[in-house]
Structure formats: structure tokens, C-alpha cells
Amino acid sequence: MGNPFMARAIQLSLENVYSGRGGPFGAVVVKDGAVIAEGSNQVTSTNDPTAHAEVVAIREACRNLALFDLEGCEIYCSCEPCPMCLGAIYWARVSRIYFANADEDASKIGFDDSLIYRELAQPHAERKIPMIQMMREEALEAFRAWQNKPDKIEY
């Protein structure tokens, strides 16, 4: 027996391929048994490399709920989330992730996330895109200001 939310995420991924709007990925955010938001990959149609299905769905869910915290929500993804989407899901505090295709399946058709995982294990300066730290002391001023701000909205 299938799950209607996962079936919808898969349907979104197929519709996206046939429409030409982006890659074969769909996502649905659900809260209390109701669909809060849907998303499909829009990377090529919006020229936005962050417009993955999960990120699109998270952004819509937050707008629809007027919240930046999706605790109590579940996300149904047509494919196992990439590192960026997984990070976004954790930042949004989604309570559970369901996925259909595995990352190995995505890798076989050219969506390979293994480079990112390998890069994260490398020292900053040895990555394909080198990371060079600078002006830390100056930047810490903003962190101190945040730490001392009495009316900040914690997240």
C-alpha cells in the first residue's frame, strides 16, 4: 500500500521532468496529516542552484505557516536529500524525512553528491574550492553584538 504524500512527491518529480522546469525531484511538507507545501526542482528554470525541491517546499511551508521552524512537520522527498537539502531540513527542524529514490540512484543519472561529502572531510585549504579564513577578529564584533542583544529572536 502506497503513501499518498510520497505518491505526490513522486508525481511532482515526474511532472517536473515532462514540463522541462528542472530535475526529477519533488517534495511535500506535511503537518498533522495535511499538505502544507509542495516543491519541485527549479534550478534550471529559475537559474537558482539552491532551488532544489526540498528547499522550495521548505520555503513555501514557512511562508504558509508564517514560521521559520517546521517542528512537527514531515517532509516526503522523491529522492534522498542532498547535503544542502539535508542541512536545510535540519535548520528548519523538520521532525521526520521520508524518501523514495536513494542517493545511489541519483548518482547513476548524474546527480552525484559524493564529491561534497569527500570535500567536507578535507582541510579547508585543500578543497576544490579553497576556504581561506580572514578578518575573524573584526567579524566577531557582530557575534558579540548578537550575544548581547536583549530583544533578539532566537532560532
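Look up a bit, the structure's there.
Treat the numbers as computed from the prediction; the structure is a model and nothing was measured.

Calculation rules
Residues numbered from 1 in each chain as written. Predicted model: local features only at pLDDT ≥ 70, side-chain atom pairs only at ≥ 80, totals over all residues. Heavy atoms only, no water. Buried < 20%, exposed > 50% of the residue type's maximum accessible area, 1.4 Å probe, protein only. Helix = DSSP H or I, 4+ residues; strand = E, 2+ residues; numbered from the N terminus. Pairing = 2+ DSSP bridges. Axes fitted to C-alpha atoms, helices over the stretch in contact; angles between N-to-C directions. Parallel < 35°, antiparallel > 145°, perpendicular 65-115°, else oblique. Left-handed = near helix turned anticlockwise from the far one by under 90°. Contact = heavy atoms within 4.5 Å. Nonpolar A, V, L, I, M, F, W, Y, C, P; charged D, E, K, R; others polar. Salt bridge = Lys/Arg side-chain N within 4 Å of Asp/Glu carboxyl O. Phe/Tyr/Trp six-rings, centres within 6.5 Å; stacked < 30°, edge-to-face > 60°.

Student: What exactly am I supposed to notice about the pairing of strand β1 (residues 26–31) here?
Tutor: Regular strands place their side chains on alternate faces of the sheet. Of all six residues making up β1, five are buried, and the element is well covered by its neighbours. Relative to strand β2 (residues 34–40), β1 is paired through six bridges, and the arrangement is antiparallel. Residue pairing in the sheet places Ala27 in a bridge with Gly39 of β2. What sits between β1 and β2 in their antiparallel hairpin is a turn of two residues, with Asp32 showing a positive phi close to 50°. One ladder, built from five bridges, connects β1 with strand β3 (residues 73–79); its direction is antiparallel. In the sheet register, Lys31 faces β3, and the bridge partner there is Cys73.

Student: Help me out: how do you make sense of the packing of helix α3 (residues 53–65) against helix α4 (residues 83–92) in this one?
Tutor: Pairs of packed helices are described in terms of their axes, by the angle between the two and the distance that separates them. At their nearest, the axes of α3 and α4 sit 8 Å apart, and the two run at 20° to each other. Comparing their axes, α4 and α3 come out roughly parallel. The two elements α3 and α4 cross, and the hand of that crossing is left-handed. Within the contact between the two elements, α3 uses Glu54, Val55 and Ile58 and α4 uses Met84, Cys85, Ala88, Ile89 and Ala92. Tallied by class, residues from the contact of α3 with α4 come to seven nonpolar, no polar and one charged.

Student: Help me understand the pattern of salt bridges, please; the structure alone is not making it clear to me.
Tutor: Oppositely charged side chains can form a pair if their charged atoms are brought close together. Going through the model one piece at a time under the given rule, you end up with six salt bridges. We note a salt bridge from Asp69 to Arg93, for which the minimum N-O separation is 3.9 Å. Here the residue Asp69 occupies a position in the loop between α3 and β3, and Arg93 occupies one in the loop between α4 and β4 (96–101), the gap between them amounting to 24 residues. Note on Asp69: relative accessible area 24%, which makes it partly exposed. Arg93 sits in the partly exposed class, given a relative accessible area of 34%. Across the pair Lys149 and Asp151 runs a salt bridge, and its minimum N-O distance is 3.0 Å. Assessed through its relative accessible area of 53%, Asp151 is described here as exposed. Members of the salt-bridge network, linked through shared partners, are Arg8, Glu15 and Glu38.

Student: Please clarify how the packing of aromatic side chains should be interpreted in this entry.
Tutor: Each aromatic ring pair is specified by the distance between its two centres and by the angle formed by the two planes. Inspection of every chain in the model, using the stated rule, returns five aromatic pairs. Here the aromatic rings of Tyr76 and Tyr98 are separated by 4.6 Å at their centres, their planes lie at 15°, and the arrangement is stacked. Placement of the pair is Tyr76 in strand β3 and Tyr98 in strand β4, with a sequence separation of 22 residues. Overall, Tyr76 belongs to the buried group, its relative accessible area being 5%. An aromatic cluster is present here, built from Phe5, Tyr76 and Tyr98 joined pairwise through their rings.

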